[in-house]
Amino acid sequence: MDSRIREHAETLVDWSARIEAGDDVVVSVDEGAHDLAVAVAEALGDRGANVTTVYSSEEVQRAYLRAHDGEFDEDPIHELSLYENADSVLSLGGGRNTAASADVPGDRTQRYGRARQEIREARLATDWVSTVHPTRALAQQAGMAYEEYADFVYDATLRDWESLAEEMGQLKAILDDGEEVRIVNEGTDLTLFIDGRTAVNSAASVAYDSHNLPSGEVFTAPYDTAGVVTFDVPMTIRGRDVRDVKLTFKDGVVVDWEAAQGEDVIDEVIQTDGGSRQLGELGIGMNRGIDRPTGRILFDEKMAGTVHLALGRAYDANLPEGESGNDSAVHVDLITDMTGDSRLEVDGEVVQRDGVFRWEESEGRTE
């Protein structure tokens, strides 16, 4: 076994999920993530955790959804109980076919998501962490040789997370004190209102309210949005390619949208429910180990020099106690490249210009 797989597993168990003896852990294993699952199981056994392993496969999910009549039972108790009684849920991604669900009818996917809202909330109430094991399908999606892709994954994942957390803390402080964020870029002039919200320093650990490995972003939850934004980073959503999405917001709601490719997917997302027409997240990527888009949102949204916005659900970690944020059955991220002629402002002050933060300019560091 590649020694980096065990290092990945140990980072996931110790730094990210903070597993302790006696914790009840659900490990969801994608069909291509067997080697990582073995290493994670070994680490969990060594720490004295209680482990239940479940199999995850987009091809299995496709078969189920295509065969079903679409009238789904709401929150089946056997599945709901699993997550209600778990301390942590570790999701190990790594599928064999990145377009496995491409021919599932969109309305059926929507109904399935709406029927499992309590299950989703129960899972999100745990110390959950999602990560990805490099597979040949993911390498092909990213346009890389397998060995090259494996190096990319581990460069993004096996980082000095404590140092990155310290740097990202500077941006968190700015956002926590801020009221308005303005994003200006080609095809973009968008204002987001964030006063009263708490930014998350997403340093790949539940200790930071961060649930992705790799991570490397700072994100918050705007409560109002106005203007227009163009997302120029290619993405794969529900197994379909999406290019050059343009959204127009008025009074916090999407009032117009278009895309050069995949507009039908954007239609499906926006029309899921009332909350899917609003933003649940503003995120700013800061992981320099991620230097190119790969078609996998877990990596692409953390890419240094990018900003991403999510249609749909807001995370409780960003909200004042007792306040409900935007609620939706979806949370779909879209990304814009900020390395060109662009700026990110908070309360009129430029925090980032052309993808470089102001503290990086003062330190003479641009990479």
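Thresholds, definitions, all that
- Residues numbered from 1 in each chain as written.
- Predicted model: local features only at pLDDT ≥ 70, side-chain atom pairs only at ≥ 80, totals over all residues.
- Heavy atoms only, no water.
- Pairing = 2+ DSSP bridges.
- Helix = DSSP H or I, 4+ residues; strand = E, 2+ residues; numbered from the N terminus.
- Contact = heavy atoms within 4.5 Å.
- Axes fitted to C-alpha atoms, helices over the stretch in contact; angles between N-to-C directions.
- Buried < 20%, exposed > 50% of the residue type's maximum accessible area, 1.4 Å probe, protein only.
- Polar contact = N/O pair within 3.5 Å; in protein donor to acceptor, adjacent residues only side chain to side chain.

A. Focus on the sheet that holds strand S3 (residues 88–93). Taking strand neighbours across the sheet as the criterion, the five strands line up as S2-S1-S3-S4-S8 in an open arrangement whose pairing is parallel. Strands with a single pairing partner mark the edges of an open sheet, and in this sheet they are strand S2 (50–56) and strand S8 (212–213). Summarising the sheet, strand S1 (residues 24–30) and S2 pair through seven bridges and their orientation is parallel. Looking at S2, one finds that valine 27 is bridged to threonine 53. The strands that helix H1 (residues 3–16) touches are S3, strand S4 (129–132) and S8; relative to S4, the one it contacts most, it runs at about 165°.

B. Here's a closer look at the environment of arginine 277. If you trace the backbone, arginine 277 turns up in the loop between helix H10 (263–270) and strand S14 (279–285). Separated by 145 residues in the primary sequence, arginine 277 and valine 132 place their C-alpha atoms 29 Å from one another. Setting aside residues no more than four positions away along its own chain, arginine 277 makes contact with Phe249, Gly252, Val253, Val254, Trp257, Ile270, Gln271 and Leu311.

C. Representation of the side chain of glutamate 31. Within the element layout of this structure, glutamate 31 appears in the loop between S1 and helix H2 (34–47). Given the relative accessible area of 17%, glutamate 31 is considered buried. At 3.3 Å, the side chain of glutamate 31 forms a polar contact with the side chain of serine 57. For glutamate 31, the residues in contact, after removing those within four places along its chain, are Tyr55, Ser56, Ser57, Glu58, Glu59, Gly94, Gly95 and Arg96.

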